[in-house]
Amino acid sequence: DGGITQSPKYLFRKEGQNVTLSCEQNLNHDAMYWYRQDPGQGLRLIYYSQIVNDFQKGDIAEGYSVSREKKESFPLTVTSAQKNPTAFYLCASRKGGQETQYFGPGTRLLVL
Amino acid sequence: QKEVEQDPGPLSVPEGAIVSLNCTYSNSAFQYFMWYRQYSRKGPELLMYTYSSGNKEDGRFTAQVDKSSKYISLFIRDSQPSDSATYLCAMSAYEGSQGNLIFGKGTKLSVKP
């Protein structure tokens, strides 16, 4: 059963803590994306990766970091430098040569 | 001017109504257009994909693109309470790996039984 999985579904962060959100896909897609969704803000691009071992900053990369060591995996770390991390985080992937992106179920990050 | 404008709603209609959702855009280079449906606290799911101008129909859903007016629409016929969700438009200028999607902010639709 192909798809995109994100874990955990809910994540709590304490002050000064780094947390990592997982995104895995078994669709054999080349490109992967991380978005942040806030109420009334729509989807904002954090980072994206077109191929393994390469990634680019999106519109709001400050306070976030990523890695792309495997084609299937694109974890996002929310660092302590991100002062307002509370949001719904969405991972997406896209097959090379196509325009449509497919989304995972999302991770809701809350600050304690 | 923002690249993609979408009325956030909320839009409330009775069951069985025809719903019209719209987006306008400013970049004339956009040629790939998508509509996503997002239920509360879920990830968006691809609903319709259209290349360039014209209409595309899939069951109760019709996507329409008017590039001359820089305007896209999604029509839902015989709307159902299960259609209650936020609808996001998205568009891209480039083929394949060259570009990223630009999203509207979404329109929240509520279909009342």
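See the structure shown above.
Just so we're clear, the structure is a prediction, and the values are computed from it rather than from any experiment.

(A) Just the side chain of Gln25(A), in detail. Residues and elements named next belong to chain A. Looking at where Gln25 falls in the secondary structure, it is placed in strand β3 (residues 19-25). Using a relative accessible area of 3% as the deciding quantity, one classes Gln25 as buried. Within the local environment of Gln25, its side chain forms a polar contact with the backbone oxygen of Lys71, the two atoms lying 3.1 Å apart.

(B) Quick peek at the sheet that holds strand β6 (residues 54-58) of chain B. Residue and element names in this part refer to chain B. Pairing in this open sheet of five strands is antiparallel, and the strands run β1-β3-β8-β7-β6 from one edge to the other. Looking at which strands have only one partner, the edges of the open sheet turn out to be β1 (4-5) and β6. Two strands pair when backbone bridges link them, and strand β3 (residues 19-25) and strand β8 (residues 71-76) are joined in this way by six bridges, in the antiparallel orientation. Note that in β8 the partner of Ser20 across the bridge is Phe75.

(C) Layout of the environment of Tyr87(B). Within the element layout of this structure, Tyr87(B) appears in strand β9 (residues 85-92). With near-sequence residues (within four places) excluded, Tyr87(B) lies in contact with Gln6(B), Leu21(B), Trp35(B), Tyr36(B), Arg37(B), Leu47(B), Leu74(B), Ile76(B), Gly106(B), Thr107(B) and Leu109(B).

(D) The arrangement of the interface of chain A and chain B in detail. Residue-level contacts link 24 residues of chain A with 20 residues of chain B. Both faces considered, chain A and chain B share a buried interface measuring about 1700 Å² in area, 55% of it formed by carbon and sulfur atoms. Counting the contacts that link chain A with chain B gives zero salt bridges. Linking chain A with chain B are three residue pairs in polar contact (both at pLDDT 80 or more), by the criterion used here.

(E) Geometry of the packing of aromatic side chains. Per the counting criterion, the structure on display carries 12 aromatic pairs over all chains. Between the aromatic rings of Tyr32(B) and Tyr51(B), the centroid separation amounts to 5.1 Å while the plane-to-plane angle is 40°, which identifies the pairing as tilted. Here the residue Tyr32(B) occupies a position in strand β4 (residues 32-38), and Tyr51(B) occupies one in strand β5 (residues 45-51), the gap between them amounting to 19 residues. Look at Tyr51(B) and you get partly exposed, because its relative accessible area is 46%. Connected via pairs of aromatic rings, a cluster forms that spans Tyr33(A), Tyr35(A), Tyr48(A), Phe103(A), Tyr36(B) and Phe103(B).

What counts, and where the lines are drawn
Throughout, a residue's number is its position along its own chain's written sequence, starting from 1. All chains are assigned letters beginning at A, and all ligands numbers beginning at 1, according to the order in which they are written. Totals for whole chains, interfaces and linings use all residues, but because this is a predicted model, local features are given only for residues with pLDDT of at least 70 and pairs of side-chain atoms are given and counted only at 80 or more. Values shown for side chains rest on all heavy atoms present in the structure; no hydrogens or waters enter the calculation. Secondary structure elements are taken from DSSP: a helix is a run of H or I of four residues or more, a strand is a run of E of two residues or more, and numbering for both begins at the N terminus. With a 1.4 Å probe rolled over the protein chains alone, any residue whose accessible area is under 20% of its type maximum counts as buried; one over 50% counts as exposed, and the rest are partly exposed. For this analysis, a polar contact is any N or O atom pair within 3.5 Å, provided that within protein one partner can donate a hydrogen and the other can accept it, and provided that sequence-adjacent residues contribute only side-chain to side-chain pairs. Only strands that DSSP links by at least two bridges are regarded as paired with each other. Here a residue-residue contact requires only that any non-hydrogen atoms of the pair lie within 4.5 Å. A quick way to say it: buried area is the sum, across both parts, of accessible area lost when two parts are put together, with a 1.4 Å probe. Whenever a carboxyl oxygen of Asp or Glu lies within 4 Å of a side-chain nitrogen of Lys or Arg, that contact is scored as a salt bridge. Working definition: rings of Phe, Tyr and Trp (its six-membered ring) pair if their centres are within 6.5 Å, and the pair is stacked with planes under 30 degrees apart, edge-to-face with planes over 60 apart, and tilted otherwise.

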